[in-house]
Amino acid sequence: MNLMGMTAVELGKAIKDGQVSVVEATQACLDSIEACEKDYNSFVTVDREGALAQAEEVQKKIDAGELNGPLAGVPIAIKDNMCQEGVQTSCSSKILSNFVPTYTAEAVVKLKEAGAVIVGHTNMDEFAMGSTTETSYFGETRNPWDTNRVPGGSSGGSAAAVAGEEVPCALGSDTGGSIRQPASFCGVTGIKPTYGTVSRYGLVAYASSLDQIGPVGKDVADCAALLEIIAGHDTKDSTSMKREDLDFSSSMTDKIVGMKFGVPKEYLSEGLNPEVKEAFMNTLKSLTE
C-alpha cells in the first residue's frame, strides 16, 4: 500500500477502516520527508518525536471512538508563519530562527482537535514576502516536478511538500496569491478562503487586512475536508466572521448545469505561456459543453 500516494481523505479512510495505523501513516510520512528533503528542501522544521507521540495519542482516541473525522490520524504540515507552542516558528527568517512560541495558532489548534498529526513547519519566502520561495534564510525550495524550477511562493514549501508526496496535505497562508500561485506551479490544489472564514490568531501577519490561512491538498476533496476543520468564528480574531455555511464538501458535485463561471479575459493576454493558455481553454471548453 503506497500511503504517500493517497489523498488525505483516502488515507483518513484507510486509518478509520483499520487498514493502517496512525503511527504507520506518520512514519511513512517522516520517511518520505527524510528521503526527499535533500532534493526539495520543503521543510524548515521536522518534529519527528512530537509527531510520533501525537500519532500514538490520536490512535487511542480513534480506537475509543472519540475521533472519527475524515482527516483523523492524517499527517499534515503547516507553513512556518503559524505559531505552534514549543516548536520553532521562524517565518523562514534568521531574525526569528530561535523563536519558540508559547501559544498555538487557532487553525493549528483545530487541526489537533480533529486528530491531524502535525509533522513540521514548511519553508517559505522570508516573512511571506516573495513568490518563489527563494528568499528563505534556510535555503530555497525546489519544485518536485523539476528541481531546476521554483515552486512558487510564498507558501512554496507547503505546495512542494504535497506535490512531492512528503505529506498528504498542508496549510499555507495567502495575502495576494501565496497559496494559489504555488499550488498552480506545483500541480496541486490550493484555496484562499473568503477573508474572515479562518482565524488569523497565531499567524505572523504580512498584511492583516488581506491574510488568510488556507488548505493545500492533492485535490478539491482534500481542501474541502481541511477547510471544514480550520474554519469557524474565533473571538481572539477581531476580523473573524460568523458564518453558517461551513459544509464545503457537500458543494462538490458533478452537476454544473446552471452554474456561472467567470472568465478573466485580461489574464489571457500577451505574455501567457501557450501551454498554460491551451490547458485553460480546454477546461473552459469542457465546462461549456
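Each value, and the rule that gives it
Residues numbered from 1 in each chain as written. Predicted model: local features only at pLDDT ≥ 70, side-chain atom pairs only at ≥ 80, totals over all residues. Heavy atoms only, no water. Pairing = 2+ DSSP bridges. Helix = DSSP H or I, 4+ residues; strand = E, 2+ residues; numbered from the N terminus. Patch = residues over 30% accessible without salt bridge, like charges linked within 9 Å, V, L, I, M, F, W, Y side chains within 5 Å. Areas by Shrake-Rupley, 256 points an atom, 1.4 Å probe, with all protein chains shown as cover. Salt bridge = Lys/Arg side-chain N within 4 Å of Asp/Glu carboxyl O. Buried < 20%, exposed > 50% of the residue type's maximum accessible area, 1.4 Å probe, protein only. Expected span 1.5 Å × (residues − 1). Core = buried A, V, L, I, M, F, W, Y, C linked by side-chain atoms within 4.5 Å. Contact = heavy atoms within 4.5 Å. Phe/Tyr/Trp six-rings, centres within 6.5 Å; stacked < 30°, edge-to-face > 60°. Lys NZ or Arg CZ within 6 Å of the ring centre and 35° of its normal.

A. Quick peek at the sheet that holds strand β1 (residues 43-46). The strand order across the open sheet formed by 6 strands is β1-β3-β2-β4-β6-β5, and the pairing between neighbours is mixed. Edge positions in the sheet fall to β1 and β5 (189-190), since each of these pairs with one other strand and no more.

B. Seen up close, a nonpolar patch on the surface. A contiguous nonpolar surface patch, about 270 Å² in accessible area, is contributed by Met259, Phe261 and Leu287. Counting through the fold element by element, Phe261 comes out in the loop between α7 (220-230) and α8 (274-288). According to the relative accessible area criterion, Phe261 is partly exposed, its value standing at 43%.

C. Looking closely at helix α2 (residues 22-40). Compared with the 27 Å implied by 1.5 Å per residue over 19 residues, the 25 Å span of α2 between its first and last C-alpha is a close match. What α2 keeps buried is the set Val22, Ala25, Thr26, Cys29, Leu30, Ser32, Ile33, Cys36, Glu37 and Tyr40. One or two positions beyond α2, positive phi appears at Asn41, with a value near 55°.

D. Spatial organisation of the nonpolar core. Counting 58 residues, the largest nonpolar core has Leu111, Val119, Val167, Leu171 and Ile230 as its most contacted members. It is α7 that provides the largest number of residues to this core, a total of 6 residues. Sequence-distant contacts of Leu111, defined by excluding residues within four places in its chain, comprise Ile76, Ile78, Ala116, Ile118, Leu171, Leu226, Ile229 and Ile230.

E. Quick look at the packing of aromatic side chains. Here the structure, examined in full by the defined rule, presents 2 aromatic pairs. Judged by centre distance (5.4 Å) and plane angle (45°), the ring pair of Tyr103 and Tyr201 falls under tilted. Here Tyr103, found in the loop between β2 (75-79) and α4 (106-113), pairs with Tyr201, found in the loop between β5 and β6 (212-217); they are 98 residues apart in sequence, far enough to count as distant. Its relative accessible area of 33% is what places Tyr103 among the partly exposed residues. Residues Tyr137 and Phe138 carry aromatic rings whose centres are separated by 5.1 Å and whose planes lie at 75° to one another, so their mutual orientation is edge-to-face. Residue Tyr137 is classed as partly exposed on the basis of its relative accessible area, which comes to 45%. Among the residues examined, Phe138 registers a relative accessible area of 27% and is labelled partly exposed. Positioned above the aromatic ring of Tyr201, the side-chain terminus of Lys236 is 5.1 Å from the ring centre.

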